[in-house]
Amino acid sequence: MAAVFPANQVIVVGGGLAGMSAANTVVENGGRTLLLDKSSFCGGNSTKATSGINGAGTKTQKTKSIPDTADIFVADTLKGGAKKPELAKVLCVNSAADVDWLVDKFDLDLSLVARLGGHSQPRTHRGKERFPGMTITYALIQMLEKVAEKTNRARIITKAEVFKLLQNGRNVVGCEYRKAGKVVKEFGPMILASGGFGADFGSDSLLATYRPDLLHLPTTNGEHCTGDAIKMGEAIGAATIDLEWVQVHPTGLVKPDDPDAKVKFLAAEALRGVGGIVLDATGNRFCNELGRRDYVTGEMWKNKPPFRLCLNRAAADEIIWHAKHYTGRGVMKFYPSGEDLAKDMGVPLQTLVDAHQKHFEAAKKQEKDPDGGPFPAYPSGKTWDEPSGKTGSGKKFFHNIIDGSKVATEPFYVAIITPVIHYCMGGLECTVDAECIDKSGKVIPGLYVAGEAAGGIHGNNRLGGNSLLDCVVFGRVAGKAACKFTFGKDEKFKPCPVPTELKELTK
């Protein structure tokens, strides 16, 4: 083993945002990295993330005078479903610095902020154009590609399917992967960041084992999401946690000419954050659009489909790049007026007028008397909004409302939506330093996990905007921890000088 340890590289499995955050962090700290991805290109599901990345206390929030703190964010995350306060604290306390890292080090625009379901402050950051998951992940991919091109500090190998972890005693010391029909061994500590199992539909799959009741649902996950990291970890005795908790997102987009497609595009939660409302087949609201994802999905299952996500002019204008993109893909439709929408839905125009008027009146009462409503609100307090209030999780935040008198002539962007398998909260159990542990709770030296492959961070429900954040925060935590492990005492085995900036390595 002396020939390969101390190792001169950190191996990262998975080229999505968690893997790229880990790999860039290793390079930033003076390490060398090898990134392996089984797909023909990097990006994974991270590039599909449409709402944004959460941060509490960011520079962007401060310029907008948003009074957010890590403590408020921790409380929201725990109320939203997280069960391990120590992991929630890592996620939330690091959020501001890591969002600012993206802006400062990768020249990203994250200047817009929205409030998503379950958040008591607007903290979900995105740019003015394109989907945030795509822009953030591609920026990190491009940085690592340039470092790999110009230096010997990084290598990226695609079409490389890692299938086995190598051990020396309990220590993980490398992996085996298949590429072009050959098996290759690489040595170094491992960071597993290959995603969840939301497309693992086989008869012996993780979904079939833990959530067979969901196998009939469509998914937003790419076909690569088959739980590889979890399966490899389990094979060497790593502990898993929360595998039964699979998030069903309420707003998968239905393409009218292909309604039964197994893989569906996701409607960003930010569409509801800017004021989108959800209507049932009869044209009525039935839930708090800004409730937890599991709650909104549950209310949909109690009501009559098809369900529609409707954005009035002001709401659509606030997120117009998304609205036009969805419309261009055929999963959203523009209606010049509410009258046209009512006709297409086959409901009386008056029904849509009444639904908007009641929503408008509830919002105005909430503004005037926020604590006097007759219904319980989420995450706390009272609401005047009857359709959501009756569910026990009432709406208390309203945005871009219109009164009923405007509906007949108001233009709308509208999508038909359906519940979809979206995200796996469960995965390999880890410490606050992203170290994998065995079933007795002992750390497995040399094995780290980040992103959706990690379990225990979100509990039984993940809040919107926390997945990209989880990727960056725990990707960076894993990268730093793996460097510390590799460099040894007094950083004796650090292979490269620490760069002042990642950018300086790309020149």
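Residues numbered from 1 in each chain as written. Predicted model: local features only at pLDDT ≥ 70, side-chain atom pairs only at ≥ 80, totals over all residues. Heavy atoms only, no water.

A. Here's a closer look at the overall build of the chain. Scanning the chain for helices and strands turns up 16 helices and 22 strands. Here the chain has a C-alpha radius of gyration of 23 Å; the compact-globule value for 507 residues is 23 Å, and the two agree. Overall size of the chain, expressed as C-alpha extent along the three principal axes, is 75 × 50 × 40 Å. Split into buried and exposed, the 507 residues of the chain put 60% on the buried side. Here the contacts in the chain between residues at least 6 apart in sequence split such that 73% fall between residues at least 24 apart. Accessible surface, the chain as shown: approximately 19,500 Å² in total, 52% of it carbon and sulfur. (Helix = DSSP H or I, 4+ residues; strand = E, 2+ residues; numbered from the N terminus. Rg over C-alpha atoms; globule rule 2.2 N^0.38 Å. Buried < 20%, exposed > 50% of the residue type's maximum accessible area, 1.4 Å probe, protein only. Contact = heavy atoms within 4.5 Å. Areas by Shrake-Rupley, 256 points an atom, 1.4 Å probe, with all protein chains shown as cover.)

B. Just the sheet that holds strand S5 (residues 124-126), in detail. The sheet built from three strands is open, its strands ordered S3-S5-S4 with antiparallel pairing. Looking along the sheet, the strands with just one partner apiece sit at the ends: strand S3 (53-54) and strand S4 (112-114). Bridging between S4 and S5 involves three bridges; their strand directions are antiparallel. Pairing of Ala114 across the sheet is with Thr124, part of S5. (Pairing = 2+ DSSP bridges.)

C. Summary view of the pattern of salt bridges. One pass over the structure, following the stated rule, counts 26 salt bridges. Glu269 serves as the salt-bridge partner of Arg272, at 3.8 Å between the closest nitrogen and oxygen. Both residues of the pair, Arg272 and Glu269, belong to the buried class. A salt bridge links Asp385 to Arg285; its shortest N-O distance comes to 2.9 Å. Pair noted here: Asp385 is in the loop between strand S17 (382-383) and helix H15 (386-389) and Arg285 is in the loop between strand S13 (277-279) and helix H10 (293-302), with a separation of 100 residues, a long-range link. Among the residues examined, Arg285 registers a relative accessible area of 8% and is labelled buried. One salt-bridge network, in which partners are shared between bridges, spans Arg285, Glu289, Asp385 and Lys395. (Salt bridge = Lys/Arg side-chain N within 4 Å of Asp/Glu carboxyl O.)

D. Spotlight on unusual backbone geometry. Residue Pro306 follows Pro305 across a cis peptide bond; omega there is 0°. On the secondary structure map, Pro306 appears in the loop between H10 and strand S14 (307-311). Despite not being glycine, Lys159 has its phi angle at roughly 55°, a positive value. Structurally, the position occupied by Lys159 is in the loop between strand S6 (154-158) and strand S7 (161-168).

E. Expanded view of the packing of aromatic side chains. Taken as a whole and judged by the stated rule, the model has eight aromatic pairs. Ring geometry for Phe265 versus Tyr326: centroids 5.9 Å apart, planes at 75°, classification edge-to-face. You can see Phe265 sitting in the loop between strand S12 (246-253) and helix H9 (270-273) and its partner Tyr326 sitting in helix H12 (residues 320-328), a full 61 residues away along the chain. Of the residues examined, Tyr326 reaches a relative accessible area of 0% and is grouped as buried. Each ring, one from Tyr448 and one from Phe485, has its centre 6.5 Å from the other, and the planes form 70°; the classification is edge-to-face. In this pair, Tyr448 sits in strand S21 (residues 443-449) while Phe485 sits in helix H16 (residues 466-487), placing the two residues 37 residues apart along the sequence. One aromatic cluster is present, built from ring pairs that chain together Phe131, Phe265, Trp321 and Tyr326. If you follow Arg329 out to its NZ or CZ, it ends over the ring of Phe265, 4.1 Å from the centre. Over the ring of Trp101 we find Arg476, and its NZ or CZ is 3.9 Å from the ring centre. (Phe/Tyr/Trp six-rings, centres within 6.5 Å; stacked < 30°, edge-to-face > 60°. Lys NZ or Arg CZ within 6 Å of the ring centre and 35° of its normal.)

F. Expanded view of the UniProt feature "domain: FAD-dependent oxidoreductase 2 FAD-binding" (unreviewed entry) in the chain. Summarizing the sequence annotation, UniProt attributes the feature "domain: FAD-dependent oxidoreductase 2 FAD-binding" (unreviewed entry) to residues 10-468 in the numbering used throughout. A distance of 22 Å separates the end C-alpha atoms of residues 10-468, which is 31% helix and 22% strand. (UniProt positions renumbered as here; feature names shortened; annotations may be inferred.)

G. Representation of the packing of helix H1 (residues 17-28) against H16 in the model. Contact pair H1 / H16: the axes reach a minimum separation of 7 Å and the direction vectors enclose 35°. At the point where H1 passes H16, the crossing takes the right-handed sense. Packed against H1, whose contacting residues are Leu17, Ala18, Ser21, Ala22, Thr25, Val26 and Glu28, the element H16 presents Leu468, Cys471, Val472, Gly475, Arg476, Gly479, Lys480 and Cys483 at the interface. Looking at side-chain class alone, the contact of H1 with H16 contains eight nonpolar, four polar and three charged residues. (Axes fitted to C-alpha atoms, helices over the stretch in contact; angles between N-to-C directions. Left-handed = near helix turned anticlockwise from the far one by under 90°. Nonpolar A, V, L, I, M, F, W, Y, C, P; charged D, E, K, R; others polar.)

H. How the structure looks around the environment of Ala193. Note on placement: Ala193 falls in the loop between strand S10 (190-192) and helix H7 (206-210). A residue is classified by how much of its surface remains accessible, and Ala193, at 8% relative accessible area, is buried. Counting along the chain gives 256 residues from Ala193 to Val449, while the straight-line C-alpha distance between them is 6.0 Å. Once residues lying within four places of it in the same chain are set aside, the contact partners of Ala193 are Val13, Gly14, Ala18, Gly19 and Ala450.

I. Focus on helix H3 (residues 70-79). Listed in full, the buried residues belonging to H3 are Phe73, Val74, Asp76 and Thr77. Buried positions in H3, seen along its axis, are confined to an arc of 165° and lie on one side of it. Each element contacted by the buried residues of H3 is listed here: S3, helix H4 (85-93), helix H5 (95-106) and H16. (Arc of directions from axis to C-beta.)

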